[in-house]
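As a plain string of letters, each chain reads:
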Amino acid sequence: QVQLVESGGGLVQTGGSLGLSCAASGRSLSTMSMGWFRQAPGKQREFVAVMGGSGSQHYADSVKGRFTISRDNAKNTVYLQMNSLKSEDTAVYYCAARNSPIPYTRAAFYEYWGQGTQVTVSS
């Protein structure tokens, strides 16, 4: 139904910035909530940020003030701008979509997932 294609990611030094993109197809962003999650080796997937269908934004405490989620409705693309990166931000980042415009932070309730993109922050 919904396909998500992620781009971005890479290697960045501590304190640097990186931007991730997630292009969605199949449904418009306004009908869904779009989330960013990340998973480090040996750890469970954790919530990073989410944007509701209305454009509302919610962030995990660990990234609040450093990360910004945004969207381009014309391109049906969600973006995650990551600033002041720390080594603890190193993980595979996943874009996810939920079939509801109401945002939710639990990974288990997201139906569609991108393939993930590696973000590595050097200490």
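Check the entry above for the structure.
This report concerns the structure included in the present document. What you are looking at is a predicted structure, and each value in this text was computed from that prediction instead of being measured.

Some thoughts on the overall build of the chain
Stage number 1. In terms of helices and strands, the chain carries zero helices and 11 strands.
Stage number 2. Along its sequence from the N terminus, the chain presents helices and strands in the succession β-β-β-β-β-β-β-β-β-β-β.
Stage number 3. Computed over C-alpha atoms, the radius of gyration of the chain comes to 13 Å, within 12% of the 14 Å expected from 2.2 N^0.38 for 123 residues, which places it in the range of a compact globule.
Stage number 4. Viewed in the frame of its principal axes, the chain has a C-alpha envelope of about 40 × 30 × 25 Å.
Stage number 5. The burial tally for the chain puts 42% of its 123 residues in the buried class.
Stage number 6. Taking all contacts inside the chain whose residues are at least 6 apart in sequence as the whole, residues at least 24 apart take part in 59%.

Things to note about the nonpolar core
Stage number 1. Ranked by size, the top nonpolar core spans 36 residues in total, and within it Leu4, Met34, Trp36, Leu80, Met82 and Tyr93 carry the most contacts.
Stage number 2. Mapped by element, the contributors of at least two residues to this core are β3 (18-25), β4 (33-39), β5 (46-51), β7 (67-72), β8 (77-82), β9 (91-98) and β11 (117-122).
Stage number 3. With residues up to four places along the chain from it excluded, the contact list for Met34 reads Leu4, Cys22, Ala24, Leu29, Ala49, Val50, Met51, Ile69, Val78, Cys95, Ala96 and Ala97.

Comments concerning the sheet that holds β8
Stage number 1. Strand order in the open sheet made by the four strands is β1-β3-β8-β7, with antiparallel pairing throughout. A single partner strand is all that each edge strand has here, and the edge strands are β1 (3-8) and β7. When strand polarity is set aside, the average angle formed by the axes of neighbouring strands in this sheet is 20 degrees.
Stage number 2. Bridge count for β1 against β3 is six bridges, and the pairing is antiparallel. In the sheet register, Gly8 faces β3, and the bridge partner there is Leu20.

Cut-offs applied
- Residues numbered from 1 in each chain as written.
- Predicted model: local features only at pLDDT ≥ 70, side-chain atom pairs only at ≥ 80, totals over all residues.
- Heavy atoms only, no water.
- Helix = DSSP H or I, 4+ residues; strand = E, 2+ residues; numbered from the N terminus.
- Rg over C-alpha atoms; globule rule 2.2 N^0.38 Å.
- Buried < 20%, exposed > 50% of the residue type's maximum accessible area, 1.4 Å probe, protein only.
- Contact = heavy atoms within 4.5 Å.
- Core = buried A, V, L, I, M, F, W, Y, C linked by side-chain atoms within 4.5 Å.
- Pairing = 2+ DSSP bridges.
- Axes fitted to C-alpha atoms, helices over the stretch in contact; angles between N-to-C directions.

Any link to function would need more than the numbers given here.
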